[in-house]
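# Chain and residue survey
Below, each chain spelled out in residue letters.
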Amino acid sequence: MLKYDFSLKTRDGLCLKSIIIGGMDRSDAERKLRQVYRNCEVLHCDIKGDLQRPGYLSLNQRSLFATA
């Protein structure tokens, strides 16, 4: 599971930075975010850390095994 670091603007206009939500992909994390912050505007999203499930290669390890 990846963790996503969101910056957003709430429907009341309040800017929030660094809301960290876990998800299988960005759309899953954003769905969870919108359950808490309805009608928010996502300003920015970064991936925080690596995959955290056993058996998965990290993003850096994948590039080592990639074929050109």
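Up top is the structure these notes are about.
Bear in mind the structure is a predicted one, so any value in this text is a computation, not a measurement. (Residues numbered from 1 in each chain as written. Predicted model: local features only at pLDDT ≥ 70, side-chain atom pairs only at ≥ 80, totals over all residues. Heavy atoms only, no water.)

Turning next to the overall build of the chain. The helix and strand tally for the chain stands at two helices and three strands. Sequence-ordered secondary structure for the chain, helices as α and strands as β, is β-β-α-β-α. The burial tally for the chain puts 28% of its 68 residues in the buried class. Within the chain, residue pairs in contact and separated by at least 24 positions form 45% of the contacts whose partners lie at least 6 positions apart. (Helix = DSSP H or I, 4+ residues; strand = E, 2+ residues; numbered from the N terminus. Buried < 20%, exposed > 50% of the residue type's maximum accessible area, 1.4 Å probe, protein only. Contact = heavy atoms within 4.5 Å.)

This part covers the packing of aromatic side chains. For the structure shown, the criterion picks out one aromatic pair. Consider the rings of Tyr-4 and Phe-6, whose centres lie 6.5 Å apart with planes at 35 degrees: the pair is tilted. A residue is classified by how much of its surface remains accessible, and Tyr-4, at 5% relative accessible area, is buried. (Phe/Tyr/Trp six-rings, centres within 6.5 Å; stacked < 30°, edge-to-face > 60°.)

Turning next to the side chain of Ser-7. In this fold, Ser-7 is placed in strand β1 (residues 2-9). For Ser-7, a relative accessible area of 17% corresponds to the buried category. Here Ser-7 is in contact with Leu-16, Lys-17, Ser-18, Glu-41, Val-42, Leu-43 and His-44, once residues within four sequence places are set aside.

On inspection of all chains with the given rule, the structure shows five salt bridges. Where Arg-26 meets Glu-30, a salt bridge forms, and the shortest distance between an N and an O atom there is 3.4 Å. Taken together, the positions of Arg-26 and Glu-30, both in helix α1 (residues 26-36) and four residues apart, correspond to about one turn of that helix. Residue Glu-30 is classed as buried on the basis of its relative accessible area, which comes to 19%. Between Asp-28 and Arg-31 there is a salt bridge whose closest N-O contact spans 2.8 Å. Taken as a pair, Asp-28 and Arg-31 lie in helix α1 at a separation of three residues, close to a single helical turn. On the basis of relative accessibility, which here comes to 44%, the residue Arg-31 falls in the partly exposed class. Look at the salt bridges and you will find they share partners, linking Arg-26, Glu-30 and Arg-34 into a network. (Salt bridge = Lys/Arg side-chain N within 4 Å of Asp/Glu carboxyl O.)

Time to look at unusual backbone geometry. Located in the positive-phi region is Ser-18, a residue other than glycine, with phi close to 65 degrees. Mapped onto the fold, Ser-18 is located in strand β2 (residues 15-23). Since its relative accessible area comes to 43%, Ser-18 is described here as partly exposed.

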